[in-house]
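Listed below are the residues making up each chain.
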Amino acid sequence: MKIDGSLLVRNTGLSFIALVLPLPIAILTVPFLIRGLGTERFGLLSLAWSLIGYFNLFDLGLGRATTKFVSEALGKDQLERIPHIIWTSLVVQLAIGLFGAVVLATCTPLLVSRFLKISPNVLVEGKQTFYLLSLATPLVISSRNLRGVLEASQRFDLIACVQIPASLLNVSLPAIGVLLRLRLPQIIGMIICLWVINATAYLFLCFRLFPALRRSISPQRDLIRPLLSFGGWIALCNLLVPLLVSFDRFAVGALLSVSVVAYYTVPYDMVFRLLIIPSVIATTLFPAFSTLHARSHESLERYYLRSLKYILLVMVPLVVVGIVFAPEILRLWLGKEFMIRSTAVFQILAVGMLLNGLSQMPANLLDGIGRPDLRAKVFLAYIPVYMILLWLLITRLGLVGAALAWTLRSAMELIIFASVASRLLRVRVTALIQQGFFRAMFACGALLASLSLVRVIYNLGIWHQSFVTATCLTLFALIVWRFVLDTVDRQSLSGALRKKAFDL
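Residues numbered from 1 in each chain as written. Predicted model: local features only at pLDDT ≥ 70, side-chain atom pairs only at ≥ 80, totals over all residues. Heavy atoms only, no water.

Enquirer: Is there a simple way to think about the overall build of the chain in this case?
Expert: Helix and strand counts for the chain come out as 20 helices and 0 strands. For 504 residues, the compact-globule estimate of 2.2 N^0.38 gives 23 Å, and the chain sits close to it at 24 Å. Counting only C-alpha atoms, the chain reaches 65 × 60 × 45 Å along its principal axes. Across the 504 residues that make up the chain, the buried fraction comes to 50%. Counted over contacts in the chain with a minimum sequence separation of 6, partners at least 24 positions apart contribute 83%. A total of about 23,400 Å² of accessible surface is found on the chain, and carbon and sulfur atoms cover 69% of it. A distance of 3 Å separates the average location of the 45 positive side-chain charges in the chain from that of its 22 negative side-chain charges. (Helix = DSSP H or I, 4+ residues; strand = E, 2+ residues; numbered from the N terminus. Rg over C-alpha atoms; globule rule 2.2 N^0.38 Å. Buried < 20%, exposed > 50% of the residue type's maximum accessible area, 1.4 Å probe, protein only. Contact = heavy atoms within 4.5 Å. Areas by Shrake-Rupley, 256 points an atom, 1.4 Å probe, with all protein chains shown as cover. Lys, Arg positive; Asp, Glu negative; His and termini not counted. Charge placed at Lys NZ, Arg CZ, Asp CG, Glu CD.)

What follows is the structure, encoded as structure tokens:
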């Protein structure tokens, strides 16, 4: 399996399309669902969707471990090991999924009757909804495992063929159910049928890529321990990351007031969308890092440094525009009160999202070279520091302090991850120069400085500022294409555009 720049660019584009395409439909159908289901049933549907996300906890990191081990086997041309890896991981995940299903089903009466405040006329539907979700637990976990096999094979085109229609239907089926006057459990049942089709499609594609999987179910006991060892550290990270991401808003509510939490969470949720970009790139590059680690240190170093450069070049213009137009965005969308109280929060968090997006690359590199333990240990090491910093800054600076603490945490995370990854990978300064990272930093710094100076000195109106911003962004794009991107970058981008997107 050959890994080149054009392939990675194309895979990143496909992943991005598959991720963002359902968002407009989801946004448009929410008001219709609220009216059709009622606020309480819609709340249950939202909880169901959230619970699907938390099925990662039952996964125990085995989905990512499967991607890592299959990618490594492909890098070493050990194709005979791949069926054993897949079946071992799949059998273990099915066992874990069944255990998770039993736990969720057992807890459903207590969860619905005691923990959630549900009115008596919706209580039965609530129980049926969670029982159905418990049945789907092994299915959802297994489908993620099978998708990981396709990621390891760099077949993001096949993933997109399954994921795009499945994602569109996932957000559309509830609206169709409302039109058909179905009850909530029936709507959940439709979604589960979709998951069955989704998992079957992934299994069929895995059989097509690796015909040896059909011959026999061949799990190996000696693979269970390394898979669980790698996956265990991933699972620990999956537990810690939500704490790091959401603890600040709880701290704001506790140290200031719940009444001001919205002035923090709304700008946070807006700029948090920026992380879609590094998340998609990381999803694409993780299996590539795993394969290249087994094959070529030089290629691994090159793609790692180029990923940092690309994230910088894509995110910085978005962050700069957000910082420059933060007052106007908040005023037009939410009103003058939000503009006054949330502008600084928005601007500081935008910088934090840039730093956090960059830190995802060394974090994924650590996973790719088989050291997820280092990522988890870094999280464990700085969580107490972050909590103390958050408390100090909130008590002194209020909402701005919370945003500043989050951004400083992101900076600390980036410095630590990048230092550890660079040491393990033995990254050379000359390589940073050769891959154009410093040129990218200079171009991004010039863009930020020019727009900030224009904003401060001239205090232009929104239309004049928009014109100046568009001009600066155009010049930035031309400078990047001519002086920052090298021949390999340009060939990768043009090659990805020329290549057939869904080549089965």
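Enquirer: Sorry if this is basic, but what is going on with helix H11 (residues 262-272) here?
Expert: One full turn of an α-helix is made of 3.6 residues, so residues set three or four places apart face in the same direction. Listing the buried residues of H11 in full gives Tyr263, Tyr264, Thr265, Pro267, Tyr268 and Val271. In this fold, the buried residues of H11 make contact with helix H10 (221-255), helix H14 (336-368) and helix H16 (399-425).

Enquirer: What am I meant to see in a nonpolar patch on the surface here?
Expert: A surface patch of nonpolar side chains, about 440 Å² in accessible area, is lined by Leu255, Leu256, Ile388, Trp391 and Leu392. Here the element with the most residues in the nonpolar patch is helix H15 (residues 372-397); it accounts for 3 residues. With respect to the helices and strands, the residue Leu255 is situated in helix H10. Leu255 sits in the partly exposed class, given a relative accessible area of 34%. (Patch = residues over 30% accessible without salt bridge, like charges linked within 9 Å, V, L, I, M, F, W, Y side chains within 5 Å. Salt bridge = Lys/Arg side-chain N within 4 Å of Asp/Glu carboxyl O.)

Enquirer: Honestly, the packing of H10 against H11 in this entry has me stumped. Any pointers?
Expert: Each pair of packed helices can be described by the angle between their axes along with the distance between the axes. It is the contact of H10 with H11, at a shortest axis distance of 11 Å, that shows an interaxial angle of 165°. The angle between H10 and H11 falls in the class roughly antiparallel. With respect to the hand of their crossing, H10 and H11 are arranged in right-handed fashion. Between H10 and H11, the contacting residues are Val245, Asp248, Arg249 and Val252 on the first element and Tyr264, Thr265, Tyr268, Asp269 and Phe272 on the second. Residue classes in the contact of H10 with H11 are distributed as 5 nonpolar, 1 polar and 3 charged. (Axes fitted to C-alpha atoms, helices over the stretch in contact; angles between N-to-C directions. Parallel < 35°, antiparallel > 145°, perpendicular 65-115°, else oblique. Left-handed = near helix turned anticlockwise from the far one by under 90°. Nonpolar A, V, L, I, M, F, W, Y, C, P; charged D, E, K, R; others polar.)

Enquirer: Whenever I open this one, the nonpolar core confuses me. Can you help?
Expert: Generally speaking, nonpolar side chains in soluble globular proteins are found buried as a group. Ranked by size, the top nonpolar core spans 85 residues in total, and within it Val252, Tyr264, Tyr304, Leu313, Leu349, Met361 and Leu365 carry the most contacts. Element by element, the count of residues in this core is highest for helix H13 (residues 297-334), at 17 residues. Beyond its immediate sequence surroundings of up to four residues, Tyr304 is in contact with Phe289, Met361, Pro362, Leu365, Ala418, Ala421, Leu425 and Val427. If you look at the next biggest cluster of nonpolar residues, it comprises 32 residues, including Leu74, Ile85, Leu90 and Ile159. (Core = buried A, V, L, I, M, F, W, Y, C linked by side-chain atoms within 4.5 Å.)

Enquirer: What is the right way to look at the side chain of Ser342 in this model?
Expert: Tracing the chain through its elements places Ser342 in helix H14. When its relative accessible area of 0% is taken as the criterion, Ser342 is described as buried.

Enquirer: Even after reading the chapter, I still don't get the side chain of Ser410, so can you show me in this structure?
Expert: Examined against the element boundaries, Ser410 turns out to sit in helix H16. Apart from residues no more than four positions distant in its own chain, Ser410 is found in contact with Gly352, Leu355 and Asn356.

Enquirer: Mind showing me how you'd approach helix H5 (residues 62-75) here?
Expert: Taking 1.5 Å per residue as the helical rise, H5 with its 14 residues ought to reach 20 Å, and the 19 Å between its terminal C-alpha atoms agrees with that figure. Burial analysis of H5 places 13 of its 14 residues in the buried class, which makes it a mostly covered element. Looking one or two residues beyond H5, the residue adopting positive phi is Asp77, at roughly 60°. (Expected span 1.5 Å × (residues − 1).)

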